[in-house]
Amino acid sequence: MIGIVVVSHSRPLAAEAVALASAMPGAADVTMAVAAGAPDGGLGTDPLAVVDAIVRADSPDGVVVLVDLGSALLASDMALELLSPAMAERVVVTPAPLVEGLVAAAVTAGGGGSRSDVLREATNALAGKKAHLASDDVPPPGAQAGGAAAASVGGTVRPGGGPGVAAVSAIVPVVGDHGIHARPAAVFVAEVRAWNADVRVRNVTTGSDWVPGGSLAGVTTLGAVKGHQLELEASGPDARQALYALVAQAEAGFGEGAGSVAAVVLAEPAPPAGGVPRAASPGYAVGPARHLRSAPVEIPAREAGTPAEHMARLTAAIDAVAGDLADLRAAALRTPGGVDTAIFDAHILLLRDPALLAQVTSQVEAGRSGAAAWNAVLGSLRAQFEAMDDAYLRARAVDVWGLAERVLRNLLGVGPATVTGKGILVAEDLDPGEAASVNSKVVTGIVLAAGSPTSHAAIVARSLGIPMVTGAGSQVLDLPEGTVLAIDGVAGTLTVNPSAAIVTDLKTKAKARRSALKAAAKAAREPAHLADDGPVVPVCANVGSVDDAIRAVSAGADGCGLVRTEFLFQDLRQPPTREAQVEVYRAIAAAMDGRRTVFRTLDAGGDKPIAYLPIPPEDNPFLGVRGLRLCLRYPEVFTDQLMALIEVARDFPVSIMFPMVADVRELREARILTARAAFRQGGSVPDHLKVGIMVEVPCVAMKAAAFAPTVDFFSVGTNDLTQYALAADRGNPAVAGLGDGLDPGVLALIKALTRSARGRASVSVCGELASDPAAAPVLVGLGVRSVSVAPPAIGEVKEAIRGWSRAEARALARRALTCPDAAAVRALLAAPRPVTGL
């Protein structure tokens with residue numbers, strides 16, 4: 001970073017000028033040394049003092065010296081003669097005005113500008129003042145004849161985005177009471193310099209010329225006052241991210257007070273009509289569109305044979321599909337990192353469901369063919385899911401029909417859907433079986449017209465490492481076979497017939513991602529220390545079985561932050577015995593090999609019905625009796641589970657976590673039942689047993705202080721917290737763009753929780769957001785002390801944490817909280833690292 005020296009006849013003047021410059025955004029880390037006043041304390045300058053100041057400010061990047069009056073210039077020249085030739089070569093003296101020049105120099109240096117950048121900005125620092133006074137003898141910095149901006153820090157501005165690069169632009173109002181004076185201009189420039197993008201700006205209201213966004217002198221020439229409209233244009237690799245960040249800064253008045261900004265994006269490349277692509281599985285892919293093609297299934301209403309023969313053929317088809325799913329499950333367990341096998345377990349159970357098979361048998365005995373009966377019963381079940389009020393359950397209709405169709409194809413001898421060659425698979429939607437059957441050597445990426453990031457297909461794609469975007473709209477189904485597509489599964493973008501520049505950019509990102517994943521896998525078993533040698537951030541695993549726990553330890557988990565106990569006995573019609581629970585809980589705890597294991601008590605209801613805990617029909621099961629509410633309605637079943645967990649906790653480091661808590665009274669009742677369970681075993685609650693709650697209801701985050709005295713920890717379930725905070729059912733494609741855990745409102749809830757819990761209870765995150773490596777530094781910056789993720793994400797999340805110091809993570813979190821929406825936060829996180837200290 002460039003060092004700065006201030007040579008002045010007056011020490012108070014120099015000190016105040018440095019104080020002013022240091023208050024500018026990004027300038028606090030700039031070394032500014034003062035050589036001011038005569039040796040006797042009066043007015044004057046001293047060459048030896050200048051030498052000392054240059055030595056203190058010296059940097060390999062160079063030193064810029066600002067002076068006030070003529071003799072200060074002479075003292076600086078003498079000082080240069082006293083320096084070694086090597087040091088003198090790094091120093092340049094500028095005739096820039098002391099105050100304005102120092103502010104411009106400090107902001108430019110703090111933004112990472114070179115010595116020539118700092119010198120130019122300091123020298124042109126009077127341009128804004130001259131423009132305001134209608135002086136027309138000095139053109140705005142960087143302006144050419146014709147009014148186009150010629151250059152900015154970091155490269156040449158390309159009006160319209162330059163060859164092959166689409167520009168994005170926006171118009172924002174100036175909302176600060178005092179307009180764009182020095183400090184707001186410095187905020188603007190600092191934000192521009194944080195991104196790898198060329199940004200230019202003009203005052204639409206006054207009709208000004210374009211000026212480089214990275215030039216403090218240029219931005220101050222705009223003469224922007226409250227109510228004026230600024231047009232921003234950005235191009236380059238981080239254009240979208242830079243624009244989102246600037247719009248967010250504009251909304252905050254560039255540091256001068258919040259306003260309401262209606263930004264109009266003028267030239268952003270539009271997504272395919274009818275949908276807004278959304279990131280569902282990280283990664284990058286470029287290739288030809290390959291549509292999922294299949295022969296139609298024609299179902300005979302009647303066929304020869306007896307009902308028993310029809311059922312025998314249908315049963316054989318069901319057995320074959322169940323066998324295929326079991327094979328996929330076994331293959332998933334062998335996959336590096338593993339796939340969520342609970343999906344396949346649930347589908348096998350559905351195929352074997354006695355109630356469904358009884359309905360099919362009844363229709364076959366009434367004269368229908370096996371195929372027609374299966375189609376009618378599963379079609380009816382699909383319709384029931386589609387008619388449900390809850391959107392997440394509606395989305396499960398895809399899974400039901402995917403299973404139905406697999407059985408019908410097997411039964412009727414119709415081949416499965418296939419693609420014609422290597423490339424990017426394009427489909428309406430995929431069921432988990434189809435997703436798990438994808439050959440990653442053939443399918444390099446997936447684009448779904450429907451679907452959502454919370455679908456089972458998306459979970460499988462993430463586990464297999466295949467980039468995916470969902471919700472792209474039905475128009476993608478009409479793209480000609482072979483159309484070149486480019487998908488960014490991190491930012492959630494789809495580009496049809498991408499330019500050479502976009503292809504190059506994605507290939508560069510893909511190469512960097514492969515290298516990062518390789519490094520992450522190599523260091524997955526090492527602790528995730530913050531970059532400043534700060535405390536370790538434990539990265540634990542979410543598991544649903546003993547196999548998952550074994551995989552988690554192999555993947556480098558520091559512990560288990562979530563055992564989904566409802567998955568362990570979901571196929572039972574009667575509550576599991578206490579002995580059966582002890583057996584499986586002990587096996588999971590033992591598999592974790594001494595690492596702490598957090599068992600979530602039964603989280604039934606909503607999207608997870610359990611046969612042995614019946615729930616009356618509800619208009620909205622996600623807002624009804626679920627989680628801890630349901631357990632408290634079945635105290636004997638709940639107590640059996642607590643007793644089993646306490647028994648295991650006497651031998652292993654175990655924590656108990658209660659789900660879907662909204663009221664302190666619920667927690668107190670659960671704690672009382674826990675104490676009674678221990679008493680019924682003839683003892684007390686083990687000293688090392690920890691008790692915590694899930695934070696899924698927004699009000700809990702806001703009143704965490706009321707819960708803190710009664711818990712050892714909080715664990716944020718971002719899936720439910722997001723859907724409740726944003727009134728957007730997870731899994732509903734119609735509101736998929738809203739239900740994002742990186743929404744600043746959700747992040748603010750997490751921040752409120754960590755602030756209230758500080759020093760009283762620890763805070764972790766165990767929802768889907770925790771498995772997103774890009775989100776890791778934001779969560780750490782918000783005060784989260786540990787995360788629990790899907791086992792395949794452990795190494796990558798650890799590597800993401802290691803790349804940030806706590807101060808940098810906090811700064812990133814502050815920026816994320818000022819973003820206008822989740823898309824802006826994702827753009828912020830998808831961009832290259834911003835300059836430290838901005």
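Everything numeric in this text was worked out from a predicted model, so none of it was measured. (Residues numbered from 1 in each chain as written. Predicted model: local features only at pLDDT ≥ 70, side-chain atom pairs only at ≥ 80, totals over all residues. Heavy atoms only, no water.)

## A look at the overall build of the protein
Then, in step 1: Each helix and strand in the protein was counted, giving 32 helices and 26 strands.
Then, in step 2: Looking at the protein residue by residue over its 838 residues, the buried ones come to 54%.
Then, in step 3: Restricting the contact set of the protein to residue pairs at least 6 apart, pairs at least 24 apart contribute 72%.
Then, in step 4: Carbon and sulfur atoms make up 56% of the accessible area of the protein, which totals about 33,400 Å². (Helix = DSSP H or I, 4+ residues; strand = E, 2+ residues; numbered from the N terminus. Buried < 20%, exposed > 50% of the residue type's maximum accessible area, 1.4 Å probe, protein only. Contact = heavy atoms within 4.5 Å. Areas by Shrake-Rupley, 256 points an atom, 1.4 Å probe, with all protein chains shown as cover.)

## Comments concerning the sheet that holds strand β13 (residues 284-291)
Then, in step 1: Strand order in the open sheet formed by seven strands is β12-β16-β15-β14-β13-β17-β18, and the pairing between neighbours is mixed. In this open sheet, the two strands that pair with only one neighbour each are β12 (278-281) and β18 (493-496). Here the strands of the sheet are splayed against their neighbours by 35° on average, with no regard to which way each runs. (Pairing = 2+ DSSP bridges. Axes fitted to C-alpha atoms, helices over the stretch in contact; angles between N-to-C directions.)

## Side note on the packing of helix α27 (residues 718-726) against helix α28 (residues 744-757)
Then, in step 1: At a minimum axis separation of 10 Å, α27 and α28 run at an interaxial angle of 120°. Relative to α28, the crossing made by α27 is right-handed. Listed contacts from α28 to Leu721, Thr722, Ala725 and Leu726 of α27 are Val746, Leu749 and Ile750.
Then, in step 2: Each residue belonging to the contact of α27 with α28 can be placed in one class, and the counts come to six nonpolar, one polar and no charged. (Left-handed = near helix turned anticlockwise from the far one by under 90°. Nonpolar A, V, L, I, M, F, W, Y, C, P; charged D, E, K, R; others polar.)

## Some details on the nonpolar core
Then, in step 1: Counting 168 residues, the largest nonpolar core has Phe658 and Phe714 as the members making the most contacts within it.
Then, in step 2: With nine residues, helix α23 (residues 635-649) is the single largest residue contributor to this core.
Then, in step 3: Formed by 42 residues, the second largest nonpolar core is a distinct cluster that contains Ile318, Val360, Trp374 and Val460. (Core = buried A, V, L, I, M, F, W, Y, C linked by side-chain atoms within 4.5 Å.)

## Thoughts on the packing of helix α31 (residues 806-817) against helix α32 (residues 822-830)
Then, in step 1: Here α31 crosses α32 at 150°, and the two axes come no closer than 9 Å. Judged by the angle between their axes, α31 and α32 are roughly antiparallel. Judged by the sense of rotation from one axis to the other, the crossing of α31 with α32 is right-handed. Note on element contacts: α32 touches α31 through Val825, Leu828 and Leu829, opposite Leu812, Arg815 and Ala816.
Then, in step 2: For the contact of α31 with α32, the class distribution of residues is five nonpolar, no polar and one charged. (Parallel < 35°, antiparallel > 145°, perpendicular 65-115°, else oblique.)

## Observations concerning the state of the cysteines
Then, in step 1: By the definition in use, this model includes zero disulfides.
Then, in step 2: In this structure Cys560 is not part of a disulfide, and its nearest cysteine sulfur, from Cys540, lies 7.6 Å away.
Then, in step 3: We classify Cys560 as buried; its relative accessible area is 1%.
Then, in step 4: Its sulfur unpaired, Cys766 is 10.0 Å from the next cysteine sulfur, which belongs to Cys560.
Then, in step 5: Judged by its relative accessible area of 4%, Cys766 is buried. (Disulfide = S-S within 2.5 Å.)

## As for the pattern of salt bridges
Then, in step 1: Evaluated as defined, the whole model comprises 27 salt bridges.
Then, in step 2: The partner of Asp319 in a salt bridge is Arg352, and the shortest N-O contact between them spans 2.5 Å. Of this pair, Asp319 sits in helix α11 (residues 307-334) while Arg352 sits in the loop between α12 (342-351) and α13 (354-365), and the two are 33 residues apart along the sequence.
Then, in step 3: Residue class for Arg352 comes out partly exposed when judged on its relative accessible area of 41%.
Then, in step 4: A salt bridge links Asp651 to Arg586, with the shortest nitrogen-to-oxygen separation between them at 2.9 Å. Taken together, the positions of Asp651 in the loop between α23 and β22 (654-658) and Arg586 in helix α21 (residues 578-591) put the pair 65 residues apart, joining distant regions of the chain.
Then, in step 5: Judged by relative accessible area, which is 26%, Arg586 ranks as partly exposed.
Then, in step 6: One connected set of salt bridges, linked through shared partners, spans Arg278, Asp740, Asp772 and Arg826. (Salt bridge = Lys/Arg side-chain N within 4 Å of Asp/Glu carboxyl O.)

## Regarding the pairing of strand β23 (residues 690-695)
Then, in step 1: Taken across its six residues, β23 has five buried, putting it largely inside the fold.
Then, in step 2: Here β22 pairs with β23 via four bridges, running parallel. Residue pairing in the sheet places Ser655 in a bridge with Lys690 of β23.
Then, in step 3: Between the parallel elements β22 and β23, the chain passes through helix α24 (residues 664-680) in a crossover that is right-handed. (Right-handed = clockwise from strand over helix to strand, strands pointing away.)

## Digging into helix α19 (residues 500-522)
Then, in step 1: The terminal C-alpha atoms of α19, which comprises 23 residues, lie 33 Å apart, in line with the 33 Å expected from a rise of 1.5 Å per residue.
Then, in step 2: Val503, Leu506, Ala510, Arg513 and Ala520 are the residues of α19 that are buried.
Then, in step 3: Contact partners of the buried residues in α19: β13, β17 (484-488) and α30 (794-802). (Expected span 1.5 Å × (residues − 1).)

## Concerning a positive patch on the surface
Then, in step 1: On the surface, Arg755, Arg758, Arg785, Arg810 and Arg814 cluster together to form a positively charged patch.
Then, in step 2: By secondary structure assignment, the location of Arg785 is in the loop between α29 (776-781) and β26 (786-789).
Then, in step 3: For Arg785, a relative accessible area of 38% puts it in the partly exposed group. (Patch = residues over 30% accessible without salt bridge, like charges linked within 9 Å, V, L, I, M, F, W, Y side chains within 5 Å. Lys, Arg positive; Asp, Glu negative; His and termini not counted. Charge placed at Lys NZ, Arg CZ, Asp CG, Glu CD.)

## Focus: the confidence of the model for the protein
Then, in step 1: Per-chain confidence: the protein averages 81 in pLDDT, with 84% of residues scoring 70 or above.
Then, in step 2: Across residues 134-166 the pLDDT falls below 50, and counting only partners more than four positions away or on other chains, this stretch makes 59 contacts in the model.
Then, in step 3: Note that pLDDT drops below 50 for residues 258-273; the model gives that stretch 41 contacts with residues more than four away or on any other chain. (pLDDT = per-residue confidence, 0-100.)

## A word on the environment of Leu328
Then, in step 1: Inspection of the secondary structure assignment puts Leu328 in helix α11.
Then, in step 2: Relative accessible area serves as the criterion here: at 16%, Leu328 is assigned to the buried category.
Then, in step 3: Once the C-alpha coordinates of Leu328 and Ala436 are considered, the two residues, 108 residues apart in sequence, prove to be 6.8 Å apart.

## A look at the sheet that holds strand β19 (residues 539-543)
Then, in step 1: An order of β19-β20-β21-β22-β23-β24-β25-β26 is seen for the eight strands of this closed barrel, with the pairing classed as parallel. Averaged over all adjacent pairs, the angle separating strand axes in this sheet is 25°, with direction ignored.
Then, in step 2: Pairing between β19 and β26: three bridges, direction parallel. Across the sheet, residue Ala541 finds its bridge partner in β26, namely Val789.

## A few points about the pairing of strand β24 (residues 713-716)
On any regular strand, side chains alternate: one points to one face of the sheet, the next to the other face.
Then, in step 1: Going residue by residue along β24, you find Phe713 and Ser715 tucked away on one face and Phe714 and Val716 tucked away on the opposite face as well.
Then, in step 2: Across four bridges, β23 lies against β24 in parallel orientation. The partner of Gly692 across the bridge, within β24, is Phe713.
Then, in step 3: Where β24 meets strand β25 (residues 762-765), four bridges bridge the pair, whose relative direction is parallel. Residue pairing for β25: Phe713 is matched across the bridge by Ser762.

## A word on a nonpolar patch on the surface
Then, in step 1: Together, Leu13, Leu20 and Val99 give the surface a local cluster of nonpolar side chains, amounting to about 220 Å² of exposed area.
Then, in step 2: With respect to the helices, strands and loops of the structure, Leu13 is situated in helix α1 (residues 11-22).
Then, in step 3: Judged by its relative accessible area of 38%, Leu13 is partly exposed.

## Things to note about α21
Then, in step 1: Helix length check: α21 (14 residues) gives 20 Å between terminal C-alpha atoms against 20 Å at 1.5 Å per residue, within 8%.
Then, in step 2: When we look at burial in α21, the residues that qualify are Gln581, Val582, Val584, Tyr585, Ile588, Ala589 and Ala591.
Then, in step 3: Those residues of α21 hidden inside the fold are in contact with α20 (546-555), β20 (560-564), β21 (597-600) and α23.
Then, in step 4: Of the residues trailing α21, Asp593 is marked for its positive phi of about 55°.

## Comments concerning the packing of aromatic side chains
Then, in step 1: By the definition in use, this model includes two aromatic pairs.
Then, in step 2: A ring pair is formed by Tyr585 and Phe599, whose centres lie 5.3 Å apart and whose planes are at 55°; its orientation type is tilted. With Tyr585 in helix α21 and Phe599 in strand β21, this pair connects stretches of sequence that are 14 residues apart. This pair shows no difference in class: Tyr585 is buried, exactly as Phe599 is.
Then, in step 3: Seen from the ring of Trp210, Arg200 lies directly overhead, with NZ or CZ sitting 4.0 Å from the centre. (Phe/Tyr/Trp six-rings, centres within 6.5 Å; stacked < 30°, edge-to-face > 60°. Lys NZ or Arg CZ within 6 Å of the ring centre and 35° of its normal.)

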